[in-house]
Amino acid sequence: PIAAGAELPGEVRPRVESRVGFQVTGRISSRRVETGQRVRRGDVLATLDPADFRLSAAAATAELDAARVDRDQQRADVKRFDDLHRQGFISGDELEREQAKLDAAEARDARAAALADVSANRAAYATLRAPADGVVSAIDAEVGQVVDAGQSVVRLALAGDKEVAFSIPEARLDEWRR
């Protein structure tokens, strides 16, 4: 075996290293960690410029408000047409057309509500958080840089098991085998 005190080049590294990135595209507005810094699960690592996310959320909210007004108006129209139909002033076909308009308005409302939820989620994704406890092992993106969804911004060496990797020169390989 290799003698005690022998020196071999090697490194201790984490068993798991995670490349962490945003779930959305945007320009990095802040980075709150440095290489070698310990982080806990949930700590903020970086943030994206929130301006576009706020505008998108405002547009989605306005679209939802408009869809709800249209839906409510169609509900009132259907009620009025139903009363007219029962009194014999309009045909069943006309009532069915109004009901179809209400169905479409309700579908637009549901779609607008879903888009508003997606927009709110996207705003939340503008904050990159540590998925687990660990140590920042590398920074892959800087403030001002535009990053794509999923692009690595920070590499995180997760707390836990470590691996030791070392190199044995080929000329000394026989010493190791003994």
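Residues numbered from 1 in each chain as written. Predicted model: local features only at pLDDT ≥ 70, side-chain atom pairs only at ≥ 80, totals over all residues. Heavy atoms only, no water.

As for the nonpolar core
Here is a general trend for soluble globular proteins: nonpolar side chains tend to be buried in one another's company.
And step 1. Among the nonpolar cores identified, the biggest contains 20 residues, and F22, L45, L48 and V153 are the most heavily contacted of them.
And step 2. Of all elements in the fold, only β5 (44-48) and β9 (154-158) reach the threshold of two or more residues within this core.
And step 3. Beyond its immediate stretch of four places on either side in the chain, L48 contacts F22, V24, T25, G26, R27, I28, S29, F53, A126 and V147.
And step 4. With six residues, the next largest nonpolar core counts A67, A112, A113 and A116 among its residues. (Core = buried A, V, L, I, M, F, W, Y, C linked by side-chain atoms within 4.5 Å. Buried < 20%, exposed > 50% of the residue type's maximum accessible area, 1.4 Å probe, protein only. Helix = DSSP H or I, 4+ residues; strand = E, 2+ residues; numbered from the N terminus. Contact = heavy atoms within 4.5 Å.)

Some remarks on a nonpolar patch on the surface
And step 1. Together, V12, V164 and F166 give the surface a local cluster of nonpolar side chains, amounting to about 310 Å² of exposed area.
And step 2. Here V12 lies in strand β1 (residues 10-14).
And step 3. Note on V12: relative accessible area 61%, which makes it exposed. (Patch = residues over 30% accessible without salt bridge, like charges linked within 9 Å, V, L, I, M, F, W, Y side chains within 5 Å. Areas by Shrake-Rupley, 256 points an atom, 1.4 Å probe, with all protein chains shown as cover. Salt bridge = Lys/Arg side-chain N within 4 Å of Asp/Glu carboxyl O.)

A look at the pattern of salt bridges
And step 1. Here the structure, examined in full by the defined rule, presents 15 salt bridges.
And step 2. As a salt-bridge pair, R40 and D133 come within 3.3 Å of each other at their nearest N and O atoms. Separated by 93 residues along the polypeptide, R40 in the loop between β4 (38-39) and β5 and D133 in the loop between β6 (127-129) and β7 (134-139) bring together distant segments of the chain.
And step 3. Judged by relative accessible area, which is 29%, D133 ranks as partly exposed.

Quick notes on the packing of helix α1 (residues 51-86) against helix α2 (residues 92-124)
And step 1. One can describe the packing of α1 onto α2 by two numbers: an axis separation of 8 Å at closest approach and a directional angle of 160 degrees. Classified by the angle between their axes, α1 and α2 sit roughly antiparallel to one another. Along this stretch, α1 crosses α2, giving a crossing that reads as left-handed.
And step 2. Counted by class, the contact of α1 with α2 contains 15 nonpolar, six polar and 14 charged residues. (Axes fitted to C-alpha atoms, helices over the stretch in contact; angles between N-to-C directions. Parallel < 35°, antiparallel > 145°, perpendicular 65-115°, else oblique. Left-handed = near helix turned anticlockwise from the far one by under 90°. Nonpolar A, V, L, I, M, F, W, Y, C, P; charged D, E, K, R; others polar.)

Remarks on the pairing of β9
And step 1. Burial within β9 is extensive, with four of its five residues counted as buried.
And step 2. Here four bridges tie strand β2 (residues 17-20) to β9, and the two strands are oriented antiparallel to one another. Note on β9: the bridge partner recorded for E17 is A157.
And step 3. Across five bridges, β7 lies against β9 in antiparallel orientation. Opposite V135, over in β9, you have A157 as the bridge partner. (Pairing = 2+ DSSP bridges.)

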